[in-house]
Amino acid sequence: MAECTIMRVQKTSIVRVLHEEPAFSEIFISHLLARAIRVEADLVDQLFNSSEKRLARLLLLLANFGKEGRPEPIIAKISQETLAEMIGTTRSRVSFFMNKFRRLGFVDYNGSGLEVNSSLLNVILQD
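Residues numbered from 1 in each chain as written. Predicted model: local features only at pLDDT ≥ 70, side-chain atom pairs only at ≥ 80, totals over all residues. Heavy atoms only, no water.

Student: Could you give an account of the packing of helix H3 (residues 51-62) against helix H5 (residues 91-103), with specific residues and numbers?
Tutor: Taken N-terminus to C-terminus, the directions of H3 and H5 make an angle of 65°; their axes are 10 Å apart at the nearest point. Classified by the angle their axes make, H3 and H5 are roughly perpendicular. Relative to H5, H3 is oriented so that their crossing is right-handed. In contact with Ser 51, Glu 52, Leu 55, Ala 56 and Leu 59 of H3, H5 contributes Val 94, Phe 97, Met 98, Lys 100 and Phe 101. (Axes fitted to C-alpha atoms, helices over the stretch in contact; angles between N-to-C directions. Helix = DSSP H or I, 4+ residues; strand = E, 2+ residues; numbered from the N terminus. Parallel < 35°, antiparallel > 145°, perpendicular 65-115°, else oblique. Left-handed = near helix turned anticlockwise from the far one by under 90°. Contact = heavy atoms within 4.5 Å.)

Student: Pulling in residues and values, what's your account of the packing of aromatic side chains?
Tutor: Tallied over the entire structure, the rule returns three aromatic pairs. Considering the side-chain rings of Phe 24 and Phe 28, the 5.7 Å spacing of their centres and the 25° angle between planes classify their relative orientation as stacked. With Phe 24 and Phe 28 both in helix H2 (residues 22-48) and four residues apart, the pair spans about one turn of that helix. Taking 5.5 Å as the distance between ring centres and 70° as the angle between the ring planes, the aromatic pair formed by Phe 96 and Phe 97 counts as edge-to-face. (Phe/Tyr/Trp six-rings, centres within 6.5 Å; stacked < 30°, edge-to-face > 60°.)

Student: Go over the side chain of Arg 54, please, and point to the residues and values.
Tutor: Along the polypeptide, Arg 54 turns up in helix H3. Despite its burial, Arg 54 pairs with no opposite charge, the nearest such side chain being Asp 45 at 5.1 Å. At 3.5 Å, the side chain of Arg 54 forms a polar contact with the side chain of Gln 46. With sequence-adjacent residues up to four places away left out, Arg 54 is seen in contact with Asp 45, Gln 46, Asn 49, Ile 87, Gly 88 and Thr 89. (Buried < 20%, exposed > 50% of the residue type's maximum accessible area, 1.4 Å probe, protein only. Lys, Arg positive; Asp, Glu negative; His and termini not counted. Salt bridge = Lys/Arg side-chain N within 4 Å of Asp/Glu carboxyl O. Polar contact = N/O pair within 3.5 Å; in protein donor to acceptor, adjacent residues only side chain to side chain.)

Student: Can you explain a nonpolar patch on the surface? Please cite residues and give values.
Tutor: Together, Leu 43, Val 44, Leu 47 and Phe 48 give the surface a local cluster of nonpolar side chains, amounting to about 450 Å² of exposed area. In this fold, Leu 43 is placed in helix H2. Under the relative-accessibility criterion, Leu 43 is labelled exposed at 52%. (Patch = residues over 30% accessible without salt bridge, like charges linked within 9 Å, V, L, I, M, F, W, Y side chains within 5 Å. Areas by Shrake-Rupley, 256 points an atom, 1.4 Å probe, with all protein chains shown as cover.)

Student: Got a sec to walk through helix H4 (residues 80-87)? Specific residues and values, please.
Tutor: Of the positions making up H4, those classed as buried are Leu 83, Ala 84 and Ile 87. Taken end-on, H4 shows its buried residues confined to a sector of 100°, consistent with a single buried face. Of the surrounding secondary structure, the elements contacted by the buried residues of H4 are H2, H3 and H5. Note on H4: the residue one or two positions beyond its end, Gly 88, has a positive phi of about 75°. (Arc of directions from axis to C-beta.)

Student: Help me get a handle on the side chain of Asp 45, residues and values and all.
Tutor: Within the element layout of this structure, Asp 45 appears in helix H2. In this structure Asp 45 comes out as buried when scored by relative accessible area, which is 6%. Only 2.5 Å separates the side chain of Asp 45 from the side chain of Asn 49, close enough to count as a polar contact. Excluding residues within four positions of it along the chain, Asp 45 makes contact with Arg 54 and Arg 57.

Student: Let's hear about H3: which residues, and what values?
Tutor: For H3, spanning twelve residues, the distance from its first C-alpha to its last is 16 Å, which sits close to the expected 16 Å at 1.5 Å a residue. The element H3 is extensively covered by neighbouring structure, given that ten of its twelve residues are classed as buried. Within H3, burial applies to Ser 51, Glu 52, Lys 53, Arg 54, Leu 55, Ala 56, Arg 57, Leu 58, Leu 59 and Leu 60. Backbone geometry just after H3 places Asn 64 at a positive phi near 65°. (Expected span 1.5 Å × (residues − 1).)

Scope: geometric values only; no functional claims are made or implied.
Take a look at the structure:
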C-alpha cells in the first residue's frame, strides 16, 4: 500500500484520449484486463479456498510473488484486522494462521514489517 492521489476524469475526456493516444490506450486497456482477471481470481479464491489458503495467497500477492521482477518479501506493517477484512474472515483466525505460518517458517515478523518466504507457496499448492 502506498499514498495515492485520486482524480475524477469525465467520460468524454477519457474516450477522446483513448482514441488519440494509442500508447495510453494500450496501457489503460491492459490495466483493465489485468484488474478484471484479478477480481475473477479473488472470487474463485473466496468461493473455493479455505481462509488459510486465502491468507497465504494474499500475503504472496502483497509480496509480489509471481509478478515480473523480484519479489519483495517484506510487506509494510498491516494489521491482522485489515488482513481479515481482505480475505473475509475474523482477526482471530488470521492470528491463528499467522502463528502457524511463523512456526512453520513461512513468514517472519520483524521491526520493519512482515517477511514472506517463498515456501508459503506450499500452503497454496497443497491438495
